[in-house]
Amino acid sequence: MLALLAFALALPNPQSFAAAPSLAVSLAPVADGFVSPLNLVSLPDGSGRLLIADQPGKVHVLNADGKLAQRLFLDLSDRLVKLNQGFDERGLLGLVLHPQFPQNRKLYVYYSAPLRAGRPTNWNHTSTLSEFTATPDFAGAIAASERVVLEIDEPQFNHNGGRMAFGPDGYLYIGVGDGGGANDNEFGHAPQGNGQATDTLLGKILRIDVDDVSSDAAYGIPRDNPFADGKQGRPEIFAYGIRNPWGLAFDRGGSSLWNRIFGGGGGDLFVADVGQNLYEEINIITKGGNYGWRVWESHIAFDPKKPAEPLADAPKTDAFGKPFIAPIAWYKHPARNKIDPTQVEGISVTGGYVYRGKAVKSLRGKYIFADWSRAWALPDGVLFAATPTSKKRGAKWNIESLPATTTAGGKIGAYIVAMGEDAAGELYVLTTGRNALIGTTGKVFKIVPTAGAK
Ligand SMILES: [Ca+2]
């Protein structure tokens, strides 16, 4: 064992051995003409096709030849709540394929439906997680095949979450926002905030078994969920203390010799949580973990009555006596009217993926993500790369800028609304030119090496 270790340590680490590689990347245009593309997934049917889902409800097919198919894969437009022409956080928010999709043809969408009957009339809409089945030739999803799996009523229009991923355990993980408004402190929010209230699904990471239809329920509860017996919280909850999770992905793990010897970190669940007034955060989510909101914003004490003035001291433990878990990485909002492009700053995190692809060697093992825009009214999204400071679980990750431009002015020049990952682990940047659900400025770019670099 010692000999093996010495051998391994003598190996050059491909991430640091290259001569001071720049982290700069290029963005290759892949598709355009969307409103606000939020999801990109590979169709694992051997066709090389990608699904690109637009926020207003249309799921497009990008063929292997780089052209968008005429026929939509799925159109949920008429099942959505009426969306704003201006800024809106509702719509078709999540799309994932079942791990056995080639065999069972099942996919799952998370969208904002009109408010269910019998709910308080001042509430806003009902988040709906539904299963669809694709046609046997995988040409599209069968519109009539919808099976509603889970519905969550939303008091306000914002903070909906809806990002999803199947875990290595085969269960479906779902990020759910705190219900919206601001400070987790408006109508429809628990006295202690929805993030801390374990009797609501709002403000949580959920884990369910979509394959378990043995009971009357539309899904099963994994036996080791923290509140599986329902006595101290909703059984669907996997983790709590979440505000507005916009980005939820498992590290697929590396296959290099380095990773095989040292474990590689595969399987960790990364959730980006959009902050309130001061900080944006990245978390590695563990079962039963309390990620702080709204007692904490990121790593500091939060006061819902004075959200811009952090309290000097925060409780260290929650109502169950469990310690709050700080993010692995955070970055701050810019000082008012003082955006510093040399700083890692932003106002709304767009979660991404641990890069395990082949095309850009300098990014391997880093968590690649974005900020929506450094300014609300101007399209000024930025890309970041985070690197673990050690292999220890819970170790902090350092964030640095990941220079990439789509404009002659040297900026992205768009709002980065989402990131995507294809079957090969290559990453995509999904943008829109407007902070409104109008127009056709939505674009998809692939992250590729800069000319002359790797
Ligand atoms: Ca947190």
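That block above? That's the structure.
Notes on the structure follow. Not measured: the values here are computed from a predicted model.

## A word on the nonpolar core
And then number 1: Residues Phe-270, Ile-282, Tyr-367, Phe-369, Trp-397 and Ile-399 are the most contacted members of the largest nonpolar core, which totals 34 residues.
And then number 2: Ignoring anything within four residues of it in the chain, the contact list for Ile-282 reads Phe-270, Val-271, Ala-272, Pro-327, Ile-328, Ala-329, Val-349, Tyr-367 and Phe-369.
And then number 3: Formed by 26 residues, the second largest nonpolar core is a distinct cluster that contains Val-35, Leu-51, Phe-101 and Ala-141.

## Focus: the layout of surface pockets
And then number 1: Space inside the second largest pocket adds up to approximately 820 Å³.
And then number 2: Along the wall of the second largest pocket there are 33 residues; nearest its centre are Val-41, Val-96, Ala-165, Phe-166 and Glu-421.
And then number 3: For the lining of the second largest pocket, the secondary structure elements donating two or more residues are β2 (37-42), β6 (92-97), β10 (164-166), β14 (245-250), β20 (349-354) and β24 (415-421).
And then number 4: For the lining of the second largest pocket, the leading source of residues is β2, giving five residues.
And then number 5: Among the residues forming the lining of the second largest pocket, the class breakdown is 19 nonpolar, nine polar and five charged.

## Things to note about the coordination of the calcium ion
And then number 1: At the metal site, the calcium ion is ligated by Glu-281 (OE), Glu-281 (OE) and Tyr-291 (O), and these contacts range over 2.3 to 3.0 Å. Here Tyr-291 lies in the loop between β16 (279-285) and β17 (296-297) and Glu-281 lies in strand β16, a separation of ten residues in the sequence. Tyr-291 carries the same exposure label as Glu-281, and that label is buried.

## Observations regarding the environment of Phe-101
And then number 1: Along the polypeptide, Phe-101 turns up in helix α3 (residues 101-104).
And then number 2: Apart from the residues within four sequence positions on either side, Phe-101 is in contact with Leu-43, Pro-44, Lys-106, Leu-107, Ala-134 and Phe-138.

## Examining unusual backbone geometry
And then number 1: In this structure, Arg-294 follows Trp-293 across a cis peptide bond, with omega equal to 5 degrees.
And then number 2: Assignment of secondary structure puts Arg-294 in the loop between β16 and β17.
And then number 3: Although it is not a glycine, Phe-138 sits at a positive phi angle of roughly 60 degrees.
And then number 4: For Phe-138, the position within the fold is in the loop between β8 (125-133) and β9 (147-154).
And then number 5: A relative accessible area of 14% places Phe-138 in the buried class.
And then number 6: In this model, Ser-298 sits at a positive phi of 60 degrees, which is unusual for a non-glycine residue.

## A word on the pairing of strand β26 (residues 442-449)
Regular strands have side chains that alternate between both faces of the sheet.
And then number 1: Here strand β1 (residues 25-34) runs beside β26; their pairing, made up of eight bridges, is antiparallel. Bridged to Asp-32 within β26 is Lys-443.
And then number 2: In this structure, strand β25 (residues 427-432) lies alongside β26, joined through four bridges in antiparallel fashion. Looking across to β26, one finds that Thr-431 is bridged to Lys-443.

## Points about the sheet that holds β14
And then number 1: The four strands are arranged β14-β15-β16-β19 in an open sheet whose pairing can be described as antiparallel. What marks the edges here is a single partner per strand, and that holds for β14 and β19 (329-332). Here the average twist between neighbouring strands, direction ignored, is 15 degrees.
And then number 2: Relative to β19, β16 runs antiparallel, the two being bridged by four bridges. The residue of β19 that forms the bridge with Tyr-279 is Lys-332.

Cut-off values and rules
- Residues numbered from 1 in each chain as written.
- Predicted model: local features only at pLDDT ≥ 70, side-chain atom pairs only at ≥ 80, totals over all residues.
- Heavy atoms only, no water.
- Core = buried A, V, L, I, M, F, W, Y, C linked by side-chain atoms within 4.5 Å.
- Buried < 20%, exposed > 50% of the residue type's maximum accessible area, 1.4 Å probe, protein only.
- Contact = heavy atoms within 4.5 Å.
- 1 Å grid on protein atoms, 1.4 Å probe; cavity = no way out; pocket = protein on both sides within 12 Å on 5 of 7 lines; lining within 4 Å.
- Points joined across faces, edges and corners; volume = space filled by probe spheres on them.
- Helix = DSSP H or I, 4+ residues; strand = E, 2+ residues; numbered from the N terminus.
- Nonpolar A, V, L, I, M, F, W, Y, C, P; charged D, E, K, R; others polar.
- Donors = N, O, S within 2.8 Å, 3.2 Å for Na, K, Ca; no water.
- Pairing = 2+ DSSP bridges.
- Axes fitted to C-alpha atoms, helices over the stretch in contact; angles between N-to-C directions.

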